[in-house]
Amino acid sequence: MSTSMSAILGLIFLGLANASVFLMFKLWGYPFDKETHTSAAPRSLMLLHRLIGYAYAILYIFMMWHMVPRLWNYQVELPPRTVAHLMLGITIGVLILVKIAILRFFRHFEESMPYIGTCLLICTYLLIGLSVPFTFREAALRTQTRAFSDEGIARTRRLLENAGLPTEAPLDQLASKRKLRDGQYVLQRKCVVCHDLRTILAKPRTPPDWVRLVNRMAIKPMIGEPIHQEEEWSVSAYLIAITPDIQVSVRQQRQEQMRADEARIAAEVATVAMETETVPEAVMEAYDEVEARELFEDRCSQCHPFTDVEDYPPRSEEETTELITRMIDIGLYLEEEEIEVIARYINENYLDSE
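Residues numbered from 1 in each chain as written. Predicted model: local features only at pLDDT ≥ 70, side-chain atom pairs only at ≥ 80, totals over all residues. Heavy atoms only, no water.

A.B. asks: Please explain a nonpolar patch on the surface as it appears in this structure.
C.D. replies: On the surface, a nonpolar cluster with roughly 390 Å² of combined accessible area is contributed by Val83, Met87, Ile90, Val94 and Val98. As for its position among the elements, Val83 is in helix 3 (residues 80-104). According to the relative accessible area criterion, Val83 is partly exposed, its value standing at 35%. (Patch = residues over 30% accessible without salt bridge, like charges linked within 9 Å, V, L, I, M, F, W, Y side chains within 5 Å. Areas by Shrake-Rupley, 256 points an atom, 1.4 Å probe, with all protein chains shown as cover. Salt bridge = Lys/Arg side-chain N within 4 Å of Asp/Glu carboxyl O. Helix = DSSP H or I, 4+ residues; strand = E, 2+ residues; numbered from the N terminus. Buried < 20%, exposed > 50% of the residue type's maximum accessible area, 1.4 Å probe, protein only.)

Shown next as structure tokens:
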């Protein structure tokens, strides 16, 4: 079952959960005879609620039938989102079994049904929220990649000629959207049994390097299903096709790291300048307490409430430098002048407050 079909079924599953629960709320508003366990609600609404419940349970079994076997073809250690997804799926199954058991054998617990139904709805929202948005995001990113464009396919076809593939490999077929999709599927379903995608796509490689790497992985003993020769060719072609996107990603990471290093150095220089009272006169003259506070609150609130600094203030100018450096390391970008202003503001307003 494709990821797009899984997303569509997931949305239908969520729709059935909403219809079932809110219809249940309406039905429980009618008078109910506890002795005979009968409700005054219209039989048509009761039948509709029962049919929706059956459809919800059948769709759950269908999706689990297709999704559980995927766990055997995935990494040995599942990522956190997959674990959460699995636990929610199991919880929904248990709640369905409890609900059926109460309806069939333990009618004296029938008054708890609204709570069970509400729990099912909450679990369904969490389950779909952990899967469907990421599926749509993956589909959007797939349309943006250059690998499946006409230009990308033509480029891949040229590179495959010198990639070191066997002479019997159908290069024209490998450089097609269908085969590239097949290669993407192999990467996402078989390669991740032993490797995290982040390690596979950590750096770009030349076409011969990709072919050798995939071949070396294919001949190793595997925990899951083996990679067949045609699949080996397809995933090699896909990796060659997406190499330009990997290069762009690596280049952006390198630029971000360079900016972070520059900002870190600037923070250290600014602290030394303040300690030795060698801050440039232009910065000293331009310093304004109100503007400095606004800058401090704006930049620091991008990652966390700026009141965190008030609750846990630095105890020395060295700790101020460490604080700013730590924020830069996790992605905050500051100009050199901004670092000097923020460091001065923190040192003047928090160090002396103890």
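A.B. asks: What is the right way to read the environment of Glu318 from this model?
C.D. replies: In this fold, Glu318 is placed in helix 15 (residues 317-329). It is 9.9 Å that separates the C-alpha atoms of Glu318 and Asn347, two residues lying 29 residues apart in sequence.

A.B. asks: Just to check I follow, could you spell out the packing of helix 3 against helix 4 (residues 113-129) for this structure?
C.D. replies: Relative to each other, helix 3 and helix 4 sit at 160 degrees, their axes nearing to 10 Å. As far as their axial angle goes, helix 4 and helix 3 are roughly antiparallel. Note that helix 3 runs across helix 4; the crossing there is left-handed. On helix 4, the residues that touch His85, Leu88, Gly89, Thr91, Ile92, Leu95, Ile96, Val98, Lys99, Ile102 and Leu103 of helix 3 are Met113, Ile116, Cys119, Leu120, Cys123, Thr124, Leu126 and Leu127. In terms of residue class, the contact of helix 3 with helix 4 is built from 14 nonpolar, 4 polar and 1 charged. (Axes fitted to C-alpha atoms, helices over the stretch in contact; angles between N-to-C directions. Parallel < 35°, antiparallel > 145°, perpendicular 65-115°, else oblique. Left-handed = near helix turned anticlockwise from the far one by under 90°. Contact = heavy atoms within 4.5 Å. Nonpolar A, V, L, I, M, F, W, Y, C, P; charged D, E, K, R; others polar.)

A.B. asks: Any chance you could explain the pattern of salt bridges here in plain terms?
C.D. replies: Side-chain pairs of opposite charge can arise whenever the charged atoms involved come near each other. By the definition in use, this model includes 4 salt bridges. A salt bridge links Glu161 to Arg157, with the shortest nitrogen-to-oxygen separation between them at 3.1 Å. For the salt bridge of Asp172 with Arg157, the shortest nitrogen-to-oxygen distance reads 2.4 Å. Placement of the pair is Asp172 in helix 7 (residues 171-174) and Arg157 in helix 6 (residues 150-160), with a sequence separation of 15 residues. Owing to a relative accessible area of 55%, Asp172 belongs among the exposed residues under this scheme.

A.B. asks: Hey, could you run me through helix 10 (residues 207-218) in this one?
C.D. replies: Every α-helical turn comprises 3.6 residues, leaving residues that sit three or four positions apart pointing alike. A rise of 1.5 Å per residue sets the reference length of helix 10, with its 12 residues, at 16 Å; its end C-alpha atoms lie 17 Å apart and thus fit the reference within 8%. Buried within helix 10 are the following residues: Pro207, Trp210, Val211, Leu213, Val214 and Ala218. Seen along its axis, helix 10 keeps its buried residues to an arc of 165 degrees; they face one direction. (Expected span 1.5 Å × (residues − 1). Arc of directions from axis to C-beta.)

A.B. asks: Whenever I open this one, a negative patch on the surface confuses me. Can you help?
C.D. replies: Residues Asp288, Glu289, Glu291 and Glu294 make up a contiguous surface patch of negative charge. By the secondary structure assignment, Glu289 is in helix 13 (residues 289-300). A relative accessible area of 37% places Glu289 in the partly exposed class. (Lys, Arg positive; Asp, Glu negative; His and termini not counted. Charge placed at Lys NZ, Arg CZ, Asp CG, Glu CD.)

A.B. asks: How should the nonpolar core be read in this particular structure?
C.D. replies: As a rule of thumb, soluble globular proteins bury nonpolar side chains together. Among the nonpolar cores identified, the biggest contains 31 residues, and Phe13, Tyr56, Leu59, Ile92, Ile96 and Leu120 are the most heavily contacted of them. Put simply, the parts of the chain that give this core at least two residues each are helix 1 (3-27), helix 2 (43-67), helix 3 and helix 4. Among the elements that line this core, the one with the most residues is helix 1, at 10 residues. For Ile96, the contacting residues outside a window of four places in its chain are Tyr56, Ala57, Tyr60 and Leu120. Counting 26 residues, the second largest nonpolar core, distinct from the first, contains Leu160, Ala175, Val235 and Ala241. (Core = buried A, V, L, I, M, F, W, Y, C linked by side-chain atoms within 4.5 Å.)

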